[in-house]
Structure formats: C-alpha cells, structure tokens
Amino acid sequence: MTTTTTTSLRRFPRFDFVSKFTATSCSSSRRGFSTTTSSSSSGGSCTEYSLTLQQQLESGSRGKSINLFSAINQALHIALDSDPRAYVFGEDVSFGGVFRCTTGLADRFGKQRVFNTPLCEQGIVGFGIGLAAMIVNEAAKFRYRSGNQFNCGGLTIRAPYGAVGHGGHYHSQSPEAFFCHVPGIKVVIPRSPSQAKGLLLSCIRDPNPVVFFEPKWLYRLAVEEVPEQDYMLPLSEAEVIREGSDISLVGWGAQLSVMEQACVEAEKSLQEGISCELIDLKTLLPWDKETVEASVCKTGRLLISHEAPVTGGFGAEISASIVERCFLRLEAPVARICGLDTPFPLVFEPFYMPTKNKILDAIKATVNY
C-alpha cells in the first residue's frame, strides 16, 4: 500500500511524507505535514520505474513550463496512478491544501485514497508508518532493528521550508540539520520544478524513509519546462551546475539561485574575474562527498551557504568532512555564509538572510586570503 500524509507542526514549516505506501494530505493555512508510504521492501533503480530526466530530454520529450508546486502535484498524480496501493491523507489534502500541491487528487483517485485527517501529527505519521510512532524513534530505525526484514513502506515526508518574506520565527525555519543527524533516513531538497518532480518520485520509490523539503518561496516563483511523463532523478548525487576554477560553492534548495547571482557578480568583480564552481548537493543525507571533494581539490577553496543558523548547520558537517579529505589542497579556510544564531526574525529578515552581497564578500575574501 502506498500512503501519503500531511500534518502540521507548530515550530517547523509544513512537512510531507512520501514513501512506497502513499498517503497524502495538506496542511492548514498556518502549518502542515504530509506523508507518503508504500509497501515495497526493495529499492528500485531509476530505469526500473521510468526514464531519467536526461533521457527524457535526449529523446526529444518536451513538457510545459510549470512552477514548483505544479511539478509536485504532477509527481503525486504519477505516484498514485502508477501504484494502486498509494494513498494520500492528512490535513486539508482533499481540497488541495494550503499550497495547492494536492489539487485534483481526490477528484481523480477518489475519497477512499485521498482524504483529510484530524489535526494530529502523531496519528497521521503513525498511520503512515504503520505504527503509533514518529520519525526519529521508529521510522529511521525500522529497517535496522528488524535486521532489514521490514521497512516502513518507503515513507517520504514532504515539508515546505525556508524564508518566504513574512513567515517569521515559526514558518520560515530551515530544520534540515535536525534530520541529518538521524541515521536511517534520507534528506532531499530540490532547487527547481524539474528537480522537484524527479527527486520526489525517486523518494517515493525508495524503501528508506525520506524527508523531502520544498523551498516555500519557489512554489510559484520558480518556473521552467518540466516533462509531463514519469521520470526519476538519482538520490545522493550532487550536480555541478556551474563550472569554475577559483573557488567551489556548495548549497541546496532556494539558496542556489542566490549563490548563482553571487557567482555572476564575482566574475565581474575583478579585471580577470573570479571563476566560481557551483554545486547543488540535492541530497543532504547521505551526501555526495566525492563530487564536492573533487571540486575542492581543483579550486583549493570552499564556500557553503544555507538559510539555517550557522552553528550546528549542515554546512559545518560539510566543512569538517572536506577539511579531513582535502586539508593539504586547501588554500584558505572554509567559508560559511548562513543564517544568524537567532530565532528567525520577521521585520529583520533582510539582516538575517545569507544574501548575494554577503556571499560575494566572502568569495572575494576567500580568494584573496
């Protein structure tokens, strides 16, 4: 059975769970939580289910220009259509949810597969897992404590995250580092609509529980051409989206667009320009150390940027790992341009955010170290 659920959290952005048992739901206007589960016990490759995005493009397959929430909606339609065991349940999902990610699911697949639940995170997640349990204590440890005899249906938890301009200290947080500290789950964050669709389908079809964070302010702002067909993108494979030779920049999600702007400005900053290599990590746990290591060995410098507070953020883990692996190749200390160590402010959001100018200043300082 596939189950997707959505529940609301009081202190985090909206979460969605997606797994091979699928139950889907949408959150209330203030917070949300959803899960998807499936009964499959083995992981499948991308080609087992669908073509990859690259194969779609090489075959000449073209889609429509859509935004990120529409790409998520397409992925959920495909998940429910391709697996009769899939379900979507949670807060407000039957009418599309606050962010409209489940629009049309109940009309197409019926109220027996797409239905609302009471506002009860424990009940929704427990139903998605198959136990009265939660993410860290049960979902992450289910395969381990059973000796790989059981899993929780490839559970995927969808959640909006990050700044949106008016979310304040509750609804603009970026809690990805909390979940990256839990062995047994995967953490995935897309940067664009095409990435969101392919990565979400891979998460749903993965036997492991996955936390899938969706950049909130990109739901409608990010628009690109997305193939309408079923396709998947590999997990735990970073992507070099801009090649360079002077410094490596690593980020994920919505922060990639800010970092890319800084890279463009850096090339214009000096007479000869600063050549920046930009890497989208995409999967934070387990993350692609080899791609980042190869880049840093080439450039000799590393800058990491994310919206979450700098102390204990996932950038610290990347920094420590790269120092261990590339110590003799580094020509400057690793730079981290992140959120401040304060609750996320509302009126002072521009001061909190790791902006283009902060990143640009750090690029210049690191290159000139």
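Residues numbered from 1 in each chain as written. Predicted model: local features only at pLDDT ≥ 70, side-chain atom pairs only at ≥ 80, totals over all residues. Heavy atoms only, no water.

Under an unreviewed UniProt entry, the name given to the protein is 3-methyl-2-oxobutanoate dehydrogenase (2-methylpropanoyl-transferring), and the source organism is Rhododendron griersonianum. A UniProt comment under Catalytic activity (unreviewed entry) is attached to the protein, and it reads "N(6)-[(R)-lipoyl]-L-lysyl-[protein] + 3-methyl-2-oxobutanoate + H(+) = N(6)-[(R)-S(8)-2-methylpropanoyldihydrolipoyl]-L-lysyl-[protein] + CO2". For the protein, the Cofactor (unreviewed entry) comment in UniProt is given as "thiamine diphosphate". (UniProt positions renumbered as here; feature names shortened; annotations may be inferred.)

## Comments concerning the nonpolar core
In terms of nonpolar packing, the biggest core is built from 91 residues, with Leu 249, Trp 252, Leu 281, Leu 303, Ile 318, Ile 359 and Ile 363 touching the most fellow members. What Leu 249 contacts, discounting residues up to four positions off in sequence, is Met 259, Cys 263, Cys 276, Glu 277, Leu 278, Ile 279, Leu 303, Ile 359 and Ile 363. (Core = buried A, V, L, I, M, F, W, Y, C linked by side-chain atoms within 4.5 Å. Buried < 20%, exposed > 50% of the residue type's maximum accessible area, 1.4 Å probe, protein only. Contact = heavy atoms within 4.5 Å.)

## Notes on the packing of helix H10 (residues 255-269) against helix H14 (residues 356-367)
One can describe the packing of H10 onto H14 by two numbers: an axis separation of 9 Å at closest approach and a directional angle of 50 degrees. It follows from the interaxial angle that H10 and H14 lie oblique. Handedness of the H10/H14 crossing: right-handed. Contacts between H10 and H14 involve Gln 255, Val 258, Met 259, Gln 261, Ala 262, Glu 265, Ala 266 and Ser 269 on the former and, on the latter, Lys 356, Ile 359, Leu 360, Ile 363 and Lys 364. Classifying every residue of the contact of H10 with H14 gives seven nonpolar, three polar and three charged. (Axes fitted to C-alpha atoms, helices over the stretch in contact; angles between N-to-C directions. Helix = DSSP H or I, 4+ residues; strand = E, 2+ residues; numbered from the N terminus. Parallel < 35°, antiparallel > 145°, perpendicular 65-115°, else oblique. Left-handed = near helix turned anticlockwise from the far one by under 90°. Nonpolar A, V, L, I, M, F, W, Y, C, P; charged D, E, K, R; others polar.)

## As for empty space enclosed by the protein
Under the definition given, this model contains one cavity of 30 Å³ or more. Its volume calculated, the largest cavity comes out at about 40 Å³. Of the residues that constitute the lining of the largest cavity, the class distribution is three nonpolar, three polar and two charged. (1 Å grid on protein atoms, 1.4 Å probe; cavity = no way out; pocket = protein on both sides within 12 Å on 5 of 7 lines; lining within 4 Å. Points joined across faces, edges and corners; volume = space filled by probe spheres on them.)

## Examining the side chain of Ser 202
Relative to the helices and strands, Ser 202 is located in helix H9 (residues 193-204). Residue classification places Ser 202 among the buried residues on the basis of a relative accessible area of 5%. A distance of 3.1 Å separates a polar atom in the side chain of Ser 202 from the backbone oxygen of Gly 198. A polar side-chain atom of Ser 202 sits 2.6 Å from the main-chain carbonyl oxygen of Leu 233. (Polar contact = N/O pair within 3.5 Å; in protein donor to acceptor, adjacent residues only side chain to side chain.)

## A short note on the packing of helix H3 (residues 68-82) against H9
Relative to each other, H3 and H9 sit at 30 degrees, their axes nearing to 8 Å. On the basis of the axis angle, H3 is roughly parallel to H9. The two elements H3 and H9 meet at a crossing, and its hand is right-handed. Where H3 approaches H9, its residues Leu 68, Ala 71, Ile 72, Gln 74, Ala 75, Leu 76, Ile 78 and Ala 79 are matched on the opposing element by Pro 193, Ala 196, Lys 197, Leu 200, Leu 201 and Ile 204. Counted by class, the contact of H3 with H9 contains twelve nonpolar, one polar and one charged residues.

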